[in-house]
Amino acid sequence: MDKKKYPKISRRGLLGGVLGAALLPVNKVLAKRLPGLIPPDDPTKSPGRGTSKLGQRSKYENPVKTTSDISSRTPLQDMYSTITPSDLHYERHHAGIPDIDPAKYELMIHGMVDRPMKFTLADLKSFPAVARTCFLECAGNFRTGKEEMTPQDILGLTSQSEWTGVMLSTIFREVGASHAAKWFLAEGSDAAVLTRSVPMYKAWDDAMIVYAQNGEAMRPEQGYPARLLLPGWEGNMNVKWLRRIEIGDEPWMTREETSKYTYPVKDKIRMFSFEMDARSIITYPVYPNKIKSGYLEIRGLAWSGRGKVTKVEVSTDGGKTWLDANLQGPVLSKAHTYFRHLWEWDGTATEIASRVTDETGYVQPSVQQLADARGTKAGGYHMNPINWWQIKADGSVLFKPE
Amino acid sequence: MKQLAAIFLIGLMMIGISSFKYRATKSSVATTDTNKWPAKFGFGHPVTQVEIDAWDIDIRPDGKGLPIGQGTVSKGRAIYVQKCVACHGEGGKNQVEVKTIGPALISDTVLKARNKTIGNYWPYATTLFDYIRRAMPYPQPGSLTNTEVYSLSAYLLNANHVTADTIQNAKTLPKVVMPARKLFVFDDRKGGPEIK
């Protein structure tokens, strides 16, 4: 796989190069004194560096997010499996990342409850805990429009972590939440004080309040010290930096669930689209890879907000035929699932794509099927079409914007 | 005897498997802990109404949460010029030649494909008060008084031709009928083979 990316030449690296050119023996001494400056010709002939308090990636690997003012995108093409390293998790903020002192943090729950209460972070951690691996995805996760696009450019607003926290049902039981309540409001303590209305059935099902990500305290970008986690539901509802939950009997119709995160469907506007429908994307071979004829393994990610991925099919002939790909187990519900499909490329130009089926029997649609169902003005949110990649005769790969 | 033991062992395994299945499907907490949970754990502490009121800033479409006070279109226009123009542009309209930081807020009441504003896309007027008070202006969120928020709401509704009213308060705001309200429908996707 053509995945190696070398870091930019650093000042230290450049210095080593200059020294090397001028004084070769001195350079060799320096390399011994400052391990890491120049890699030795033979790593078995000199001791390596010692231990460290905090590990780092190999200096030869440099996966990075691409950033804008309001979001950053995960380099999906650099992922070898389904857990996104925490520092590569996608971001979408509505007024920046707040700096919250965990010692002062409190979550208030009130409204249709027997006992309105506040919980400190220590309180939340005291409750019986659960860990769950699931994806998060921004409802607006789809970009198209040009051929020179990577999976990160197209679908980088999704990532996966193992989250640890307390079931929301446990907390709701503690405050005596009314079973007659239909909705709750989740509010963040960022500068947008972001709010979303969530139906109560999600709280009694699989919603969580999480404080840990991939085995350590959750990152500020993901909602430190605690956030709402609604497995399978659009990212915006998984309110970060959670400070307040109000339990009620009707939705609040906040800005985020009315003027945003809604989309035209023919002559109407669809609101409260909770579940992220199933989708998949090939992450190798993609732009800007260059492939050679012979065997190669097509690889990618598939997921569904409605349950488990049951099947991923791959077409290497522009959609004439579809063959099942291998799914990497264990396949988890509402989780990124890695797929692989062996392909012998004969060197002729073609188009390749993947399409996923989930356990509800939903099959990832084409752009045309989505347009037929929603009208041509749709777009914006909850667009999950099959993505095609063009394989050129010279082995170059380009995205196919539709 | 060996056969009996084997049967017994298989039986035990089946019980094990079925009970695991039961737990796994009954609840997402797969547990083998046999201790029962108490009715209450006793973590956390009760809050007073004063503490609730300090944080409870949400407004519902029926007006629940709206504070006392009122605002006028003319005051709203003045505040807009002072505190909103920098991001949302002159008169709240996107101008072709000027790229504003914030979205356009003012147009009319007819929805066109790429022109979503308060007048043609927002289904509830109460959302204006709720959002402006909690999140605007972007550099100083939460800095506006209730009177200022009522005034900005009055100005933006008026400028979008939603209503000719020149005053907004807790009684009037929930009664404003937003032109886009009739367009909004709840999601009807439900999984399965149908593409919606």
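Quantities reported herein were computed from a predicted structural model and do not represent experimental measurements.

Peer 1: Is there a simple way to think about helix H3 (residues 73-83) of chain B in this case?
Peer 2: An α-helical segment advances 3.6 residues per turn. Residues three or four places apart therefore align on the same side. Residue and element names in this part refer to chain B. Among all positions of H3, only Val-73, Gly-76, Ile-79 and Tyr-80 are buried. Across the axial projection of H3, the buried residues extend over an arc of 120°, all falling on one side. What points out from H3, more than 90 degrees from its buried face, is the exposed set Val-81 and Gln-82. Residues of H3 that are buried sit in contact with strand E2 (70-72), helix H4 (85-88) and helix H7 (146-159).

Peer 1: Sorry, what's going on with the interface of chain B and chain A here?
Peer 2: By a frequent convention, interface size equals the accessible area lost on bringing the separate parts together. Taken together, the contact between chain B and chain A spans 53 residues of the former and 66 residues of the latter. Of the roughly 5200 Å² buried between chain B and chain A, counting both surfaces, carbon and sulfur atoms make up 59%. Of all residues in chain B, Trp-55, Arg-189 and Ile-195 of chain B bury the most surface against chain A, accounting for 16% of the area lost on that side. Inspection of the chain B/chain A interface yields 10 salt bridges.

Peer 1: Even after reading the chapter, I still don't get the environment of Ile-269 of chain A, so can you show me in this structure?
Peer 2: By the element assignment, Ile-269 of chain A lies in strand E15 (residues 268-271). For the pair Ile-269 of chain A and Ala-378 of chain A, spaced 109 residues apart in sequence, the C-alpha separation works out to 9.1 Å. Excluding anything up to four places from it in sequence, Ile-269 of chain A contacts Thr-262, Tyr-263 and Pro-264 of chain A together with Leu-111, Tyr-121, Leu-183, Phe-184 and Val-185 of chain B.

Peer 1: Honestly, the side chain of Asn-236 of chain A in this entry has me stumped. Any pointers?
Peer 2: Residue and element names in this part refer to chain A. Positionally, Asn-236 belongs in the loop between strand E12 (227-229) and strand E13 (242-248). Only 2.7 Å separates the side chain of Asn-236 from the side chain of Arg-196, close enough to count as a polar contact. Leaving out residues up to four positions away in the same chain, Asn-236 has contacts with His-94, Leu-194, Arg-196, Glu-256 and Tyr-261.

Peer 1: Help me out: how do you make sense of the packing of H3 of chain B against H7 of chain B in this one?
Peer 2: When two helices pack together, you describe them by how their axes are tilted relative to each other and by the distance separating the axes. All names here are of chain B. Orientation of H3 relative to H7, taken along the N-to-C sense of each, is 95°, at an axis distance of 7 Å. By the angle between their directions, the pair H3 and H7 is classed as roughly perpendicular. Counting all contacts with H3, which are made through Val-73, Lys-75, Gly-76, Arg-77, Ile-79, Tyr-80 and Lys-83, the residues of H7 involved are Glu-148, Ser-151, Leu-152, Ala-154, Tyr-155, Leu-156 and Asn-158.

Rules of the game
- Residues numbered from 1 in each chain as written.
- Chains lettered and ligands numbered in written order.
- Predicted model: local features only at pLDDT ≥ 70, side-chain atom pairs only at ≥ 80, totals over all residues.
- Heavy atoms only, no water.
- Buried < 20%, exposed > 50% of the residue type's maximum accessible area, 1.4 Å probe, protein only.
- Helix = DSSP H or I, 4+ residues; strand = E, 2+ residues; numbered from the N terminus.
- Arc of directions from axis to C-beta.
- Contact = heavy atoms within 4.5 Å.
- Buried area = accessible area lost by both parts, 1.4 Å probe.
- Salt bridge = Lys/Arg side-chain N within 4 Å of Asp/Glu carboxyl O.
- Polar contact = N/O pair within 3.5 Å; in protein donor to acceptor, adjacent residues only side chain to side chain.
- Axes fitted to C-alpha atoms, helices over the stretch in contact; angles between N-to-C directions.
- Parallel < 35°, antiparallel > 145°, perpendicular 65-115°, else oblique.

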